[in-house]
Amino acid sequence: MTEFPGSQIDVAVAAQYRNMAEGLAREPRAVQYAQQALQRLGRAPRLTLVRGGTDGSRLTEMGLPTPNLATGQHAPHSPTEWACLEEMVLAVRWLVEILQVWAEA
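Residues numbered from 1 in each chain as written. Predicted model: local features only at pLDDT ≥ 70, side-chain atom pairs only at ≥ 80, totals over all residues. Heavy atoms only, no water.

(A) Broad picture of the side chain of T66. The residue T66 is located in the loop between α3 (55–61) and β1 (73–74) in this model. From its side chain, T66 meets the backbone oxygen of L64 in a polar contact 2.6 Å long. When near neighbours in sequence (up to four residues on either side) are disregarded, T66 contacts M20, L24, G56, L59 and T60. (Helix = DSSP H or I, 4+ residues; strand = E, 2+ residues; numbered from the N terminus. Polar contact = N/O pair within 3.5 Å; in protein donor to acceptor, adjacent residues only side chain to side chain. Contact = heavy atoms within 4.5 Å.)

Below, the structure is given as structure tokens:
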């Protein structure tokens with residue numbers, strides 16, 4: 001503004017989404033049960049970070065702990081995005097097993 005007299009800069013900051021880590025820490029069963037279900041299927045759970053806002057971050061903020069799970073997608077929201085059918089089938093099996101774990105709890 002010093003360099004351009006008469007100019008004006010307006011900045012508005014608005015929360016778009018919260019990091020889901022806080023919500024999942026308050027209710028850790030969602031992640032624990034997902035890990036347990038994966039182990040029952042003979043697979044090793046691997047926790048990773050996900051960048052950006054997701055439906056899960058909003059749902060977690062609203063009180064429904066919703067971690068992101070692998071679904072067979074690769075390079076999401078990019079020109080080279082693709083999905084693997086075999087991994088999608090594994091994701092469905094995982095979801096069914098997660099439901100079983102919750103039902104037993």
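(B) Examining the confidence of the model for the protein chain more closely. When pLDDT is averaged along the protein chain, the result is 90; 97% of the residues meet or exceed 70. The secondary-structure element of the protein chain with the lowest mean pLDDT is α3, recorded at 87, while helix α4 (residues 85–104) shows the highest, at 97. (pLDDT = per-residue confidence, 0-100.)

(C) Expanded view of the layout of surface pockets. The volume enclosed by the largest pocket comes to roughly 1800 Å³. Every residue lining the largest pocket is counted, 50 residues in all, and those nearest its centre are V50, P67, N68, L69 and A70. Mapped by element, the contributors of at least two residues to the lining of the largest pocket are α1 (20–26), α2 (29–40), α3, β1 and α4. The element contributing the most residues to the lining of the largest pocket is α4, with 10 residues. Across the lining of the largest pocket, the residue classes break down as 29 nonpolar, 14 polar and 7 charged. (1 Å grid on protein atoms, 1.4 Å probe; cavity = no way out; pocket = protein on both sides within 12 Å on 5 of 7 lines; lining within 4 Å. Points joined across faces, edges and corners; volume = space filled by probe spheres on them. Nonpolar A, V, L, I, M, F, W, Y, C, P; charged D, E, K, R; others polar.)

(D) Main features of the pattern of salt bridges. Taken as a whole and judged by the stated rule, the model has 4 salt bridges. As a salt-bridge pair, E104 and R40 come within 2.4 Å of each other at their nearest N and O atoms. With E104 in helix α4 and R40 in helix α2, the pair connects residues that are 64 residues apart, well separated along the chain. Judged by its relative accessible area of 47%, E104 falls in the partly exposed class. Here the salt bridges share partners, and the residues they tie into one network are R40, E97 and E104. (Salt bridge = Lys/Arg side-chain N within 4 Å of Asp/Glu carboxyl O. Buried < 20%, exposed > 50% of the residue type's maximum accessible area, 1.4 Å probe, protein only.)

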